[in-house]
Amino acid sequence: MTRQTFDLEQLRALVAVIDTGGFTAAARASGALQSTISMKIKRLEAEVGQPLLVRLGRGVAPTAAGQDLSAHARDMLRLNDQAWGSLSSNRLSGQVRLGVPDDYAAQLSDTIRAFRLQHPEVTLDLSCAFSVELMRQVQDGALDLAVVTRMPSVPGGEILRREPMLWVSAPDFRPDDAAPLPLSVYPKEVCVLRTSMTEALSAAGMPWRIAYTSMSLTGQTAMVGAGLAMTALTRSMMQQAAQAVGPASVSGLPALPEIEIALHRRPGRPTEAARLLGDMLKERFVAGGGV
């Protein structure tokens, strides 16, 4: 039986188009010509015998077959890059300074562990802080990379994922209809979750009060789990929360917007170690999809 073999460069082009949402953006990101990217996709579709991408407005999206193949392609490309890296006589070294909010640290632990195993001679320094502080440190050059929640007033960075915000409470939470809704929040002006909650409630004409302020996700979920307040989290944050916390059952709550998780890189040319870790973090969120 004849065995068919995929062209890794064709697969790399497919993943680039899906990740960036278009041929032009994929060409820009990979430093190739748009015609080259298009040709690789056409040849790949001809080989598999079915379309892998479909046009949606000005962009493109994967078909079911394209989504399935891209998942395999990511594994194949990762193994290819790891194999070449292990055979390289010039082992990667240096230092990478990464910043993440406490909310995302647990989600990224597998990616950080994989990077350390692949590049044991790279010193990896991890800092946890609020997103606004991490973005400032990246711009000042104190950090090489930061995964943050984008603030509406501070755009920029590469969007990794969009996640809906959900109202969260203890299962038995029953607020007093005659009293303002008690909220558990992060400090003012450093958290888009707090701003989104209070603005949505005020726009809906629902009175609220700050019952508890905490610097950490653990503190937030402890207060909410005790039934003393409610808050808003993303679904991925809820997966890290205590069992006592779940979707709120309070009626009349206004809808909340999505948040954007973004990757910020230090201005200037990145080191090879910082570039590789940034690509791994981006792949982690893209492969994980929206949750």
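Reading guide: rules and limits
- Residues numbered from 1 in each chain as written.
- Predicted model: local features only at pLDDT ≥ 70, side-chain atom pairs only at ≥ 80, totals over all residues.
- Heavy atoms only, no water.
- Axes fitted to C-alpha atoms, helices over the stretch in contact; angles between N-to-C directions.
- Helix = DSSP H or I, 4+ residues; strand = E, 2+ residues; numbered from the N terminus.
- Parallel < 35°, antiparallel > 145°, perpendicular 65-115°, else oblique.
- Left-handed = near helix turned anticlockwise from the far one by under 90°.
- Contact = heavy atoms within 4.5 Å.
- Nonpolar A, V, L, I, M, F, W, Y, C, P; charged D, E, K, R; others polar.
- Core = buried A, V, L, I, M, F, W, Y, C linked by side-chain atoms within 4.5 Å.
- Buried < 20%, exposed > 50% of the residue type's maximum accessible area, 1.4 Å probe, protein only.
- Expected span 1.5 Å × (residues − 1).
- Salt bridge = Lys/Arg side-chain N within 4 Å of Asp/Glu carboxyl O.
- Pairing = 2+ DSSP bridges.
- Right-handed = clockwise from strand over helix to strand, strands pointing away.

A. Up close: the packing of helix H1 (residues 8-20) against helix H3 (residues 34-48). For the pair H1 and H3, the least separation of the axes is 9 Å and the interaxial angle reads 110 degrees. Taken together, the axes of H1 and H3 are roughly perpendicular relative to one another. Regarding H1 and H3, the two cross each other, and that crossing is left-handed. Listed contacts from H3 to Glu9, Gln10, Leu11, Ala13, Leu14 and Val17 of H1 are Ile37, Lys40, Ile41, Arg43, Leu44 and Glu47. Here the residues of the contact of H1 with H3 are counted per class, giving seven nonpolar, one polar and four charged.

B. View of the nonpolar core. Of all hydrophobic cores here, the largest spans 49 residues; its most connected members are Val96, Leu98, Val147, Trp167, Met230, Leu277 and Leu281. Counting residues per element, this core draws most heavily on helix H11 (residues 272-288), at six residues. Excluding residues that lie within four positions of it along the chain, Val147 makes contacts with Gly99, Val100, Pro101, Tyr104, Leu108, Leu134, Leu160, Ile261, Ala262, Leu263, Leu281 and Phe285. In this structure, Leu11, Ile18, Leu44 and Leu53 belong to the second largest nonpolar core, which totals 19 residues.

C. Summary view of helix H8 (residues 192-203). Here H8 is twelve residues long and its end C-alpha atoms lie 16 Å apart, about the 16 Å a rise of 1.5 Å per residue gives. Within the span of H8, buried status applies to Val192, Leu193, Arg194, Ser196, Met197, Thr198, Ala200 and Leu201.

D. Looking closely at the pattern of salt bridges. Using the criterion set out here, one finds 16 salt bridges in the structure. For Asp140, the salt bridge goes to Arg136, with nearest N and O atoms at 2.8 Å. Of the two residues, Asp140 and Arg136 are both situated in helix H7 (residues 131-140); the distance of four residues between them amounts to about one turn of the helix. For Asp140, a relative accessible area of 54% puts it in the exposed group.

E. Structural context of the pairing of strand E7 (residues 181-185). Most of E7 sits out of view: five of its five residues are buried. Side chains Leu181, Leu183 and Val185 of E7 all project onto a buried face; the interleaved residues Pro182 and Ser184 project onto the opposite face, where all are buried too. Where E7 meets strand E8 (residues 208-213), five bridges bridge the pair, whose relative direction is parallel. Paired with Leu183 across the strands is Ile210, a residue of E8. Since E7 and E8 lie parallel, the crossover through H8 that links them has a hand, and here it is right-handed.

Interpretation in functional terms is not warranted from these geometric data alone.
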